[in-house]
Amino acid sequence: MKNSSLKSLVVGCVLVMAFALAAVAGQPKIGVLIYKYDDTYISTVRNALAKALENKAEVVMQDGKGDQASQNDQLDVMIARRMDGLLVNMVDAQAAAGVLMKIKNAGIPVVFFNREPDLNVLKNYAKAVFVGTNAADAGKMQGDIVKNLWDTHPEYDLNKDGKFQYVMFKGEPDNPEAIARTEWSVKQAEANGVKMDQIGQTFVCNWDTALAQVAMESALAANEGKIELVIANNDSMAVGAIAALSNVGYNTQGGGKFVPVIGVDATEQAIDAINRGIMSATVKQDGEAMGKALATIILNMVAGKPNLDGTDYSYDASGIAVRIPYSPYEGK
Ligand code: CA
């Protein structure tokens, strides 16, 4: 009698221990909402993130395809599936308040990334942080590149008026990154002593290569021979502008007529164009660093550790945002 009860107690203990071990060994479920897969920079982030979470978490990733309503549905499914942590790349950063409220009600830790919501909105939830870049920095770096190009290539001043005649390609009208890059690239160039003179209106091309190509074709039709510089908020648009230039005999490999083009992102296409001498420079958003940071921070949050444990990052003045630095790329 004594023996058998002892035996059942031991068996019971072993079972409890087995359950406990299973719970410890079970990986957290991390839900990742991406604004759209078809974005070169975000693809770099996704790949780095997936790699960093390998064997550490069960990852469920969804493509918002540029549609906030679809992303809202994807979020509802993730909450219903009881994700332990969420990484959210908003389609429309201005829709973050509603998204945050759902996540807060579910009590799930969340890292918003890349497309920046109003940080005052995020402060309504203690388990929300933001990982992005400093939007002004990319523009400032472009402005420094402009100064460098101006100083080292006097031939770019086609009309010899001592001013850099440029066209500007902007991502989206109200996107904070697009606004900051557009503004700071020119401001920084001017602060560096370059006289900037915009030709025509700013082209808003939705970060898109094909739209930028069409816009550049119209700019060339109106002002060919007067455009001395192209500044684009991202490389996709820079590459579109180069395609338009190439069609009328500029920026072809092996020399000839050339208009300097500057982008942001350091996409493979842009790096290739720079190395082939048909594009001047880009600014690198470190997508790999972003992906790794996201993985570390969300795992910390899920485990109840300090959010930035094991990273070299600290919060900016907001107290809830981490900024991944940029670097310039001007060719090999
Ligand atoms: Ca000029």
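Time to look at helix α4 (residues 96-106). When α4 is considered as a whole, its buried residues turn out to be Ala96, Val99, Leu100 and Ile103. The arc that holds every buried residue of α4, seen down its axis, measures 95°, which confines them to one face. For α4, the elements touching its buried residues are α3 (68-80), β3 (85-88), β4 (110-113), α5 (119-122) and β5 (128-132). Of the residues trailing α4, Gly107 is marked for its positive phi of about 70°.

Per the domain assignment, the segments of the chain are domain 1 (3-132 + 286-329) and domain 2 (135-285). Distance between the C-alpha centres of domain 1 and domain 2: 35 Å. Across the boundary between the two partners, domain 1 contributes 13 residues, which contact 23 residues of domain 2. Carbon and sulfur atoms make up 52% of the area that domain 1 and domain 2 hide from each other, which totals about 1500 Å². A per-residue breakdown of the area domain 1 buries against domain 2 is headed by Tyr41, Tyr326 and Tyr329, which together make up 51% of the total.

Time to look at the packing of helix α8 (residues 209-223) against helix α9 (residues 235-247). Taken N-terminus to C-terminus, the directions of α8 and α9 make an angle of 45°; their axes are 7 Å apart at the nearest point. With respect to each other, α8 and α9 are oriented oblique. Handedness of the α8/α9 crossing: right-handed. Each of Thr209, Ala212, Gln213, Met216, Glu217 and Leu220 in α8 lies in contact with α9, whose residues at this interface are Ser236, Met237, Val239, Gly240, Ala241, Ala243, Ala244, Leu245 and Asn247. Among the residues making up the contact of α8 with α9, the classes are represented as nine nonpolar, five polar and one charged.

Time to look at the nonpolar core. Among the nonpolar cores identified, the biggest contains 30 residues, and Val167, Phe169, Met216, Ile227, Val230 and Met279 are the most heavily contacted of them. For this core, the secondary structure elements donating two or more residues are β6 (164-170), α8, β9 (229-232), α9 and α10 (268-275). In terms of residue count, α9 provides more of this core than any other element does, six residues in total. Discounting residues that sit within four places of it in the chain, Met216 has contacts with Val167, Phe169, Ile227, Val230, Ala241, Ala244 and Leu245. Core analysis: the next-biggest nonpolar cluster, separate from the first, contains 28 residues, Ile42, Val45, Met290 and Ala293 among them.

Another aspect to go through is the coordination of the calcium ion. Octahedral metal centres with six donors ideally show angles of 90 or 180 degrees, and tetrahedral centres with four donors ideally show 109.5 degrees. Every protein donor of the calcium ion is listed here as Asp157 (OD), Asn159 (OD1), Asp161 (OD), Lys163 (O), Gln165 (OE1), Glu228 (OE) and Glu228 (OE), and their distances to the metal cover 2.3 to 2.5 Å. The class for Asn159 is partly exposed, based on a relative accessible area of 44%. On the accessibility criterion, Gln165 (6% relative accessible area) is buried.

A few words now on the environment of Ile298. Locating Ile298 in the fold gives a position in helix α11 (residues 287-303). Classification of Ile298 by relative accessible area gives buried; the value is 0%. Along the chain, Ile298 and Gln269 lie 29 residues apart, while their C-alpha atoms are 31 Å from each other. With residues near it in sequence (within four places) discarded, Ile298 still touches Ile30, Gly85, Leu86, Leu87, Pro109, Val110 and Val111.

A word on the pattern of salt bridges. The final tally for this structure, using the stated rule, is nine salt bridges. A salt bridge links Arg115 to Glu172; the nearest nitrogen and oxygen atoms lie 3.6 Å apart. With Arg115 in the loop between β4 and α5 and Glu172 in the loop between β6 and α7 (176-191), the pair connects residues that are 57 residues apart, well separated along the chain. Pair check on accessibility: Arg115 and Glu172 agree, each one buried. Each member of the salt-bridge network shares a partner with another, and the members are Glu116, Asp316 and Arg323.

With parallel pairing, the six strands of this open sheet are ordered in space as β2-β1-β3-β4-β5-β12. Taken across any chain shown, the strands that pair with only one partner, and hence form the sheet edges, are β2 (58-63) and β12 (321-323). Neighbour to neighbour, the strand axes of the sheet diverge by 15° on average, direction disregarded. Set on the sheet, α4 makes contact with β3, β4 and β5; between it and β4 the angle comes to about 160°. Here α11 sits on the sheet in contact with β1 (29-34), β3, β4, β5 and β12, set at roughly 160° to β4.

Attention now goes to unusual backbone geometry. One non-glycine residue, Lys160, adopts positive backbone phi at about 50°. Within the element layout of this structure, Lys160 appears in the loop between α6 (135-152) and β6. On the basis of relative accessible area, Lys160 is assigned to the exposed category, the value being 58%. Of note, Asn206 is a non-glycine position whose phi angle comes to about 55°, a positive value. For Asn206, the position within the fold is in the loop between β8 (203-204) and α8.

Thresholds applied
Residues numbered from 1 in each chain as written. Predicted model: local features only at pLDDT ≥ 70, side-chain atom pairs only at ≥ 80, totals over all residues. Heavy atoms only, no water. Buried < 20%, exposed > 50% of the residue type's maximum accessible area, 1.4 Å probe, protein only. Helix = DSSP H or I, 4+ residues; strand = E, 2+ residues; numbered from the N terminus. Arc of directions from axis to C-beta. Contact = heavy atoms within 4.5 Å. Domains from an automatic or database assignment. Buried area = accessible area lost by both parts, 1.4 Å probe. Axes fitted to C-alpha atoms, helices over the stretch in contact; angles between N-to-C directions. Parallel < 35°, antiparallel > 145°, perpendicular 65-115°, else oblique. Left-handed = near helix turned anticlockwise from the far one by under 90°. Nonpolar A, V, L, I, M, F, W, Y, C, P; charged D, E, K, R; others polar. Core = buried A, V, L, I, M, F, W, Y, C linked by side-chain atoms within 4.5 Å. Donors = N, O, S within 2.8 Å, 3.2 Å for Na, K, Ca; no water. Salt bridge = Lys/Arg side-chain N within 4 Å of Asp/Glu carboxyl O. Pairing = 2+ DSSP bridges.

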